[in-house]
Amino acid sequence: MTQSPPEKQELPEGRITEEAMDKLRALVGVHLRTERFLRAVTTESMGLFAKGIGDLNPLFCDEEYAKWTRWGGIIGHPCLPYARHYPGRTRFGLPGVHGFFGGNDWTFHRTVKPGDTLSCTEQVTSVEEKESRLSGRLVLTRTVTCYYNQRDELVAEAEGWSTRHERRASREGARKPKGDDSGRGRHDYTTEDLDLIEATARKEWQDLTAGRTLYYEDLTPGTEIPAIVRGPLTAMDITAYLIGVGRSRGAHGVMLRESDKHPAHFFRNRAAGGGLEYTGAGHVQASVAKQVGAPGSYDYGPQRISWLASLLTNWIGDLGRLVRLRAELRGFNVIGDTTWLKGRVVGTRVENDQHLVDCEVWGENQLGATTMPGLATVALPSRSPVKPKAASLENGHGG
């Protein structure tokens, strides 16, 4: 017998109780059933993902260009595994307690190519209680996700973390005066601001078509990575991302069936005549976002992290490879905000015959506030002639 659809007109108000925490802690060490937005990798799905994050790199979407590169054809954007499963997303424990995506620490082992099939495992690694400026009490959950191709080869692994907040406490915390910009309204851009944003976006494409190679020896600590920009963020940008990643809770009868199975994840929205909505609707509806303490509709965490990866893949050229990317989401990126993706070299090293460059990377909004600090490591070609080793293909260099 199915359950009745949720009767609440507002978001469910779950509580962080000791009983709920005991059940959540019992999941540490448990392997969860993963999501499956998209599993089969095709040229179309790869192109949709690239377009959904605003990435124009021809390696990811132009077969004619890519077939003349070392890869012999288009390859997946490093963050394409998001189209299979979000590592660390809050979909377990604490029913009715809102979750915000906190960040990921990716290690990339192999490139993804058309015809690949992605599968993954996810294990809960820790549950911690902490203090939050927004809600007073929060719960931090962490998982480790491993992605494999159809040959059972490890493609990538990611630590993921999310924070859980009681919605009522988050709303009340959002109303309190703060020393930051979290309570700000819509930003008004000058014509000069918008001209600079658009000029930077056009330059990104021009630089990509230059076909240059970046060498390890060309970099020293302090070298700046050419900035890219995403914004001002619109509802269409968020919709394009959802299409690109293949994420949907379904519509009409599919939504109703999901709400029967998981009533705490759905609510009846007055603005939609009492129609069912998923609690993640705050990403596209400001009225829902404000019920969880956000200043307005906001982007998806994996969406913003993918932009940071694009900063690096643009920079390293066709022969470079992204090895690691860690990004923490520290602030809301709401509709109307602009994110500037920036970085600099902090060190260079040779390890296991790889020429590695360590970087500090981050995203900052139009007010200069850092909303996404991070770090990254890339592998680059060297100007010193080196005889390739066959074993390098097994270490992720060849795809």
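Residues numbered from 1 in each chain as written. Predicted model: local features only at pLDDT ≥ 70, side-chain atom pairs only at ≥ 80, totals over all residues. Heavy atoms only, no water.

S.K.: Go over the environment of D193, please, and point to the residues and values.
M.R.: With respect to the helices and strands, D193 occurs in helix α5 (residues 191–208). For D193 and Q366, which are 173 residues apart along the polypeptide, the C-alpha to C-alpha distance reads 9.1 Å. (Helix = DSSP H or I, 4+ residues; strand = E, 2+ residues; numbered from the N terminus.)

S.K.: Got a sec to walk through the packing of aromatic side chains? Specific residues and values, please.
M.R.: The final tally for this structure, using the stated rule, is 10 aromatic pairs. Aromatic pair F100 and F332: ring centres 5.4 Å apart, planes at 80°, arrangement edge-to-face. Here F100, found in strand β2 (residues 98–108), pairs with F332, found in the loop between β9 (321–328) and β10 (339–351); they are 232 residues apart in sequence, far enough to count as distant. Classification of F100 by relative accessible area gives buried; the value is 10%. Note on W106 and F108: the rings are 5.4 Å apart at their centroids and 10° apart in plane angle, and the pair reads as stacked. Put simply, the rings of F37, Y82, Y86, F101, W106, F108 and Y147 pair up and form one aromatic cluster. (Phe/Tyr/Trp six-rings, centres within 6.5 Å; stacked < 30°, edge-to-face > 60°. Buried < 20%, exposed > 50% of the residue type's maximum accessible area, 1.4 Å probe, protein only.)

S.K.: Run through the pattern of salt bridges, naming residues and quoting values.
M.R.: Following the criterion strictly, the structure yields 25 salt bridges and no others. Note that R383 and D218 form a salt bridge whose closest N and O atoms lie 3.0 Å from each other. One end of the pair, R383, is in the segment after β12 (370–380); the other, D218, is in the loop between α5 and β6 (224–230), and 165 residues separate them in sequence. If you follow the salt bridges from partner to partner, you end up with E18, D22, R25, E129 and R137 in one network. (Salt bridge = Lys/Arg side-chain N within 4 Å of Asp/Glu carboxyl O.)

S.K.: Account for α5, naming residues and giving values.
M.R.: The terminal C-alpha atoms of α5, which comprises 18 residues, lie 26 Å apart, in line with the 26 Å expected from a rise of 1.5 Å per residue. For α5, the full list of buried residues reads I197, T200, E204 and L208. Taken down its axis, α5 places every buried residue within 65° of arc, on the same side. Seen from the open side of α5, the exposed residues pointing more than 90 degrees away from its buried face are T191, E192, R202 and Q206. On its buried face, α5 is in contact with β6, α9 (301–316) and β10. (Expected span 1.5 Å × (residues − 1). Arc of directions from axis to C-beta. Contact = heavy atoms within 4.5 Å.)

S.K.: Give me the pairing of β10: which residues, what numbers.
M.R.: A regular strand carries its side chains on alternate faces of the sheet. Bridge analysis of β6 against β10 gives 5 bridges, and the strand direction is antiparallel. Bridge assignment links E224 to a residue of β10, and that residue is R344. Pairing of β10 with strand β11 (residues 354–365), which is carried by 12 bridges, proceeds in the antiparallel orientation. Of the residues in β11, the one forming a bridge with R349 is L356. Between β10 and β11, which pair antiparallel in sequence order, lie 2 residues; one of them, N352, sits at a positive phi of approximately 50°. (Pairing = 2+ DSSP bridges.)

S.K.: Can you tell me about the packing of helix α2 (residues 43–52) against helix α6 (residues 235–245), naming the residues and giving the values?
M.R.: It is at 7 Å that the axes of α2 and α6 come closest, and there the two elements cross at 155°. The angle between the axes of α2 and α6 places the two elements in the roughly antiparallel class. Every pair of crossing elements has a handedness; the one defined by α2 and α6 is left-handed. Between α2 and α6, the contacting residues are S45, L48, F49 and G52 on the first element and D237, A240, Y241, I243, G244 and V245 on the second. The residue makeup of the contact of α2 with α6, split by class, is 6 nonpolar, 3 polar and 1 charged. (Axes fitted to C-alpha atoms, helices over the stretch in contact; angles between N-to-C directions. Parallel < 35°, antiparallel > 145°, perpendicular 65-115°, else oblique. Left-handed = near helix turned anticlockwise from the far one by under 90°. Nonpolar A, V, L, I, M, F, W, Y, C, P; charged D, E, K, R; others polar.)

S.K.: Give me the pairing of β9: which residues, what numbers.
M.R.: Taken across its 8 residues, β9 has 7 buried, putting it largely inside the fold. Where β2 and β9 come together, 5 bridges link them in antiparallel fashion. Within β9, the position partnered with D105 by the bridge is R326. Relative to β12, β9 runs antiparallel, the two being bridged by 6 bridges. Its bridge partner being in β12, R324 is matched across the sheet by T377.

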